[in-house]
Amino acid sequence: MPKTPAIETQAERRVKYGLNVAVAIVAAIAIVVLINWISYRNFRTGDMRWDVTLTRQYSLSPLTQRVIGRLDGDYRIVTLFEDGESSHEVVRRLRDLITEYDRASARITVEQINPATEPTKIDEFKRSLHDMFKDKLQPLADANEKGIAAMERATAELEQLLEIVRLTLKDANLKARDTRSLVRLNDTERIVDARVRDYQIQLTALKSYTLAAMPNYAETRAKIRQYLEFVDANLYPALKKGLIEPVLAQIAEEYPKALFGITADGVTDSMLKLQQLITQAPKSRQAVYTDLAKAPGVPSYDALFPALAKEFPIILISPKDVKGLAMSDLFTAGENREQQMEREKWLEELKGKEFLGEERLTGALASLTMASLDPPPMVVFVATGSSLAASPKRDYKQLIDRLEGMGLRVEVWDPVNRSPFVAPDSKPKPAPRVQEGQKAVWVVLPGDPPDPNNPFAAQLPATVAGIVNDRLRKGDGVLLFAPPEIEQSDIQLSILSDPVWNLKAKYQHVVLREMVDRFGKPQPNNILEVQSFPRVHPVSKAAVDGGMKGQFAWCSPLELPETPKANVTYWPLVEVTGENLWANYGTAESVANRLPPVRGDANDITADRFLIAAAAERAATDDSPMQRLIVFTDRTFATDQFGAEEFLDQETGRTIRYTRYPANHELFVNSICWLAGLEELIATGARSQDVRRIEAMEQGKVRMLQTTLTIGMPLGVFVIGLAVWYTRRG
């Protein structure tokens, strides 16, 4: 007979189920611990993180990642924030951004020092900054030491001068007979006495300037020079003209020796002593002036003082250099807090500005990496005109600020200054000097026709073209603007037609697109929008990777040679594609006569693709370095009209910085980087990425999202519910 299974008792069931629950709890705890351990091992450094925010708030731009990737040593970002303000949205956002830099690279270390509660740590930090520049500051420290010694001697001279004046005032005959001299001497005593007491206080303070954790050598030098120059160039000449010479003249006129020999001789002797003192003293200090002037300054060190004096300083430290920023530097039109303004109110005002934290921090890091390039690369804007897109400081201010923020040196070369305050027949100014080993990029802007009133203007295009071609042959890069037709300059033609490049700009043509207006009539349109760029070159590839679009107007077709030389390589950078395109011949003449361009001329060129920008490189040979050239046939593509615009967001009250066509400026900046040999800095910039975050969605994507939310999600829930019901029923 089969054995009857034993029936579990209630106690046995409790033990059994209790063990099952205990095992499940232990297993769950073990799984949680294991997941946390794996997360700690893999995610603590920030190497594996996902940014799911709509605005990509926790993502660094490709350019920032490039800059961080080329760091050649250990970098520190030190924030000097008070903990009481950390909860404010503006401060928290900045700290979150700085944390992203810390996570992005093991070479970056972020430190926080609270100035209110850690004064000793602040002093140690300042001493470490001073020690970085100690050797460079030593010549200035020695010059300041000599200057302080000269100040001591000058103060002693003033005390001696004061004593002579007081002794002269004690002469009884002078008091009784010469009221005018008496007034002059009394005024002199009062002025010199006040100066002596003031300078003794200043001298005591200047002697102790080296006791500070971070001595301000430049400010001390300025005070020393101000003190000495006031004595030698202001006080002494005033005493000579206002006291010594009038008193001596009056004595000669009113005090005959026969009547007042003793008094006249005594006063004369005092005046002659003063004259000798104020004549010889300045000569003895000429060597001190020379030493103070020749002692080199340390701009990086000097720039730290205004940064540390502002609210919420941020100090970036590389192995060789230091750069300081403040909270106000990270916002558009940000201003430092006024003394009478409450900090909370000031932070609220900054909250309404556009945040440019990543752009400014990345620019500071890039400029620090440039410290290894001594001297840093130079960008020279060649301005030979004053018309549209020809003035660097007027038309390219945003780009100049950005290039300087990257640590590049920017110069403007205006061979013939067209200012109304300069004579029209002035001679051409010399080109900026390129130092030995310095890389330079020459940006040749559109020019104007030669001025017939200037006899030197006729030779100007050939002179400028010769200088630029010579620098090109020596290894400098050239970015050439070659706009169409009458705007074309002989400078551009000379460079383009050089046998090395053999490029052809169809400068008598303008690329147009035929559009249909609301009445159904065809109309020519010179505004060309480009949303896709060739990926064959890093300059244009960065625009593709950034998902950016550009706009170009008034362009000429650019032709590459059919059979290029063996050592020259060409790349297309910008191509205009699509239907109804043609290059119209004689457009400038039609526009001048206020007539619309008409399609169908025998010289017109019809195609579905036109090249309007290209890069070229000539490989290095035994007798010449590598040469690089980039050509754009659009006059205005890089001007500030294609830069960032600001508008007020009515909902949030914030100032939004918006760039409609970010590819334009990115192409320019990336071209500069490539021409300067800084390919590792070619990437999508922080500003462009910020623009992409706020850009409106396309209508197709909006409709797809609406469909998904209104139909797709409810339908998905219904299907899942139906599947669950069917499973349970079965």
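One can find the structure itself at the top, above this paragraph.
So, a few notes on the structure that sits alongside this text. Along every chain, residues carry numbers that run from 1 in the direction the sequence is written. Local features in this predicted model are restricted to residues whose pLDDT is 70 or higher, and side-chain atom pairs enter the listing and the counts only when it is 80 or higher, whereas totals over whole chains, interfaces and linings include all residues. Side-chain metrics in this entry use all non-hydrogen atoms of the structure; hydrogen atoms and water are not considered.

**A word on a nonpolar patch on the surface**
- Residues form patches when they are more than 30% accessible in relative terms and have no salt bridge. Like charges link within 9 Å. Nonpolar side chains (Val, Leu, Ile, Met, Phe, Trp, Tyr) link within 5 Å. Here, Shrake-Rupley sampling with a 1.4 Å probe gives the accessible areas, and only protein chains in the shown set may cover a residue. In the sections that follow, a salt bridge refers to a side-chain nitrogen of Lys or Arg positioned within 4 Å of a carboxyl oxygen of Asp or Glu. Nonpolar side chains collect at one region of the surface, where Ile 711, Leu 715, Phe 718, Val 719 and Leu 722 lie side by side and expose about 500 Å² of accessible area between them.
- When you line up the elements, Ile 711 lands in helix α23 (residues 699-729). A run of DSSP states H or I qualifies as a helix once it reaches four residues; a run of E qualifies as a strand once it reaches two. Both are numbered from the N-terminal end.

**Re the packing of aromatic side chains**
- Only the six-membered ring of Trp is used, alongside the rings of Phe and Tyr, when aromatic pairs are assigned; centres must lie within 6.5 Å, and planes under 30 degrees apart are stacked while those over 60 apart are edge-to-face, with the rest tilted. Tallied over the entire structure, the rule returns 14 aromatic pairs.
- On the numbers, 5.8 Å between centres and 85° between planes, the contact of Trp 571 with Trp 674 is edge-to-face. In this pair, Trp 571 sits in strand β15 (residues 568-577) while Trp 674 sits in helix α21 (residues 663-675), placing the two residues 103 residues apart along the sequence. For the pair formed by Trp 571 and Trp 674, the shared burial category is buried.
- With centroids separated by 4.2 Å and ring planes inclined at 20°, the aromatic side chains of Phe 632 and Phe 637 adopt a geometry described as stacked. Note on accessibility: Phe 632 and Phe 637 belong to one class, buried.
- Among the aromatic residues, those joined into a ring-pair cluster are Phe 381, Tyr 396, Phe 481, Phe 552, Phe 632, Phe 637 and Phe 668. Working definition: with a 1.4 Å probe on protein chains only, accessible area under 20% of the residue-type maximum means buried, over 50% means exposed, and in between means partly exposed.

**So, the pairing of strand β11 (residues 522-525)**
- Pairing geometry for strand β10 (residues 509-516) and β11, over four bridges, is antiparallel. The residue of β11 that forms the bridge with Arg 513 is Asn 525.
- Following β10, the chain reverses through five residues before pairing antiparallel with β11; Gly 520 in that reversal takes a positive phi of roughly 85°. One bridge is not enough; two strands pair if DSSP finds at least two bridges between them.

**Some words on the side chain of Arg 221**
- By secondary structure assignment, the location of Arg 221 is in helix α8 (residues 217-254).
- In this tally, Asp and Glu contribute negative charge and Lys and Arg positive charge; neither His nor the terminal groups of the chain are included. Put simply, Arg 221 is tucked away with no salt bridge, and the nearest opposite charge, on Asp 302, sits 5.9 Å away.
- Only 2.7 Å separates the side chain of Arg 221 from the backbone oxygen of Leu 292, close enough to count as a polar contact.
- Every residue in contact with Arg 221, bar those within four places of it in the chain, is listed here: Leu 140, Asn 144, Leu 292, Ala 293, Ala 295 and Gly 297. Polar contact is defined as a pair of N or O atoms within 3.5 Å, subject to the rule that within protein one atom must be able to donate a hydrogen and the other to accept it, and that residues adjacent in sequence are counted only when both atoms are side-chain atoms. Between two residues, a contact is recorded if the distance between any of their heavy atoms is within 4.5 Å.

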